[in-house]
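Descriptive structure summary
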Amino acid sequence: MDIRAIVLAAMGGAALPIQVGINTTLARHGAGAVWAAMVSFGVGTVGLAVFFAASQTELPGREQLSAAPWWVWLGGLLGAFYVAVSVWSAPRIGAALMFALVVGGQMLMSTILDHHGALGMPEHPVTLARCLGILLIVAGVVLVQR
């Protein structure tokens, strides 16, 4: 198992509640959740452009990009949806419940994608242990809400 991937994934997860708090504050001082998400993506795009330029990675060619399935271009829309929804919902239901629901939704969809090997994921069939894990997450969501 790649320990770097595990550590970076955990750090990415830890960054999400901080990002939601920052973006929620930005939304209060600006024009709402969609505006805050747009600013967040704009700042993120600039940051990624600087990182990309510093990495001296070559841009992909037209042939390489045209070989990709059409749906690969939807990732940014899903990211924008997530950021806007989290900024809108966190002040209404709290960060803990929002993230419990986010994790529950992620686990359910991840299990479905893994089971079918969809969207380029390796195939991992649904097992009793995975189903029990999802049920425990749902129980956790209920407990966090109470």
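I will try to describe carefully the structure that is included in this document. (Residues numbered from 1 in each chain as written. Predicted model: local features only at pLDDT ≥ 70, side-chain atom pairs only at ≥ 80, totals over all residues. Heavy atoms only, no water.)

1. Overview of the nonpolar core
Formed by Ala27, Ala33, Ala36, Ala37, Val83, Ala84 and Val87, the largest nonpolar core amounts to 7 residues. Elements with a contribution of two residues or more to this core: helix H2 (33–55) and helix H4 (75–93). Leaving out residues up to four positions away in the same chain, Ala27 has contacts with Gly32, Ala33, Ala36 and Val87. Core analysis: the next-biggest nonpolar cluster, separate from the first, contains 5 residues, Val20, Ala90, Phe99 and Val102 among them. (Core = buried A, V, L, I, M, F, W, Y, C linked by side-chain atoms within 4.5 Å. Buried < 20%, exposed > 50% of the residue type's maximum accessible area, 1.4 Å probe, protein only. Helix = DSSP H or I, 4+ residues; strand = E, 2+ residues; numbered from the N terminus. Contact = heavy atoms within 4.5 Å.)

2. Some remarks on the side chain of Thr111
The residue Thr111 is located in helix H5 (residues 95–116) in this model. Not counting chain neighbours up to four residues away, the residues in contact with Thr111 comprise Val126, Arg130 and Ile134.

3. Focus on the pattern of salt bridges
Inspection of the entire model under this criterion finds 2 salt bridges. For the salt bridge of Arg4 with Asp2, the shortest nitrogen-to-oxygen distance reads 3.4 Å. A salt bridge links Arg130 to Asp114, with the shortest nitrogen-to-oxygen separation between them at 3.3 Å. Taken together, the positions of Arg130 in helix H6 (residues 128–145) and Asp114 in helix H5 put the pair 16 residues apart, joining distant regions of the chain. (Salt bridge = Lys/Arg side-chain N within 4 Å of Asp/Glu carboxyl O.)

4. What about the environment of Asp2?
Its place among the elements puts Asp2 in the segment before helix H1 (3–29). Judged by relative accessible area, which is 37%, Asp2 ranks as partly exposed. Along the sequence, Asp2 and Cys131 sit 129 residues apart, while their C-alpha atoms lie 25 Å from each other.

5. Details of the environment of Gly21
Positionally, Gly21 belongs in helix H1. In sequence terms Gly21 and Ala90 are 69 residues apart; their C-alpha atoms lie 8.2 Å from each other.

6. Some details on the packing of H5 against H6
It is at 9 Å that the axes of H5 and H6 come closest, and there the two elements cross at 165 degrees. Classed by the angle they form, the pair H5 and H6 counts as roughly antiparallel. Our pair here, H5 against H6, has a crossing hand that is left-handed. Facing H5, whose interface residues are Ala96, Leu97, Ala100, Leu101, Val103, Gly104, Met107, Leu108, Thr111 and Asp114, H6 presents Arg130, Ile134, Ile137, Val141, Val144 and Gln145. Class assignment for the residues of the contact of H5 with H6 results in 11 nonpolar, 3 polar and 2 charged. (Axes fitted to C-alpha atoms, helices over the stretch in contact; angles between N-to-C directions. Parallel < 35°, antiparallel > 145°, perpendicular 65-115°, else oblique. Left-handed = near helix turned anticlockwise from the far one by under 90°. Nonpolar A, V, L, I, M, F, W, Y, C, P; charged D, E, K, R; others polar.)

7. Digging into the packing of H2 against H4
Relative placement of two packed helices is described by the angle separating their axes and the distance separating the axes. Their axes nearest at 8 Å, the elements H2 and H4 cross at an angle of 130 degrees. It follows that H2 is oblique to H4 by the angle criterion. In this structure, the crossing between H2 and H4 has a hand that is right-handed. Taken together, the residues of H4 that come into contact with H2 (itself represented by Ala33, Val34, Ala36, Ala37 and Phe41) are Gly76, Gly79, Ala80, Val83, Ala84, Val87 and Trp88. In the contact of H2 with H4, the residues fall into 10 nonpolar, 2 polar and no charged.

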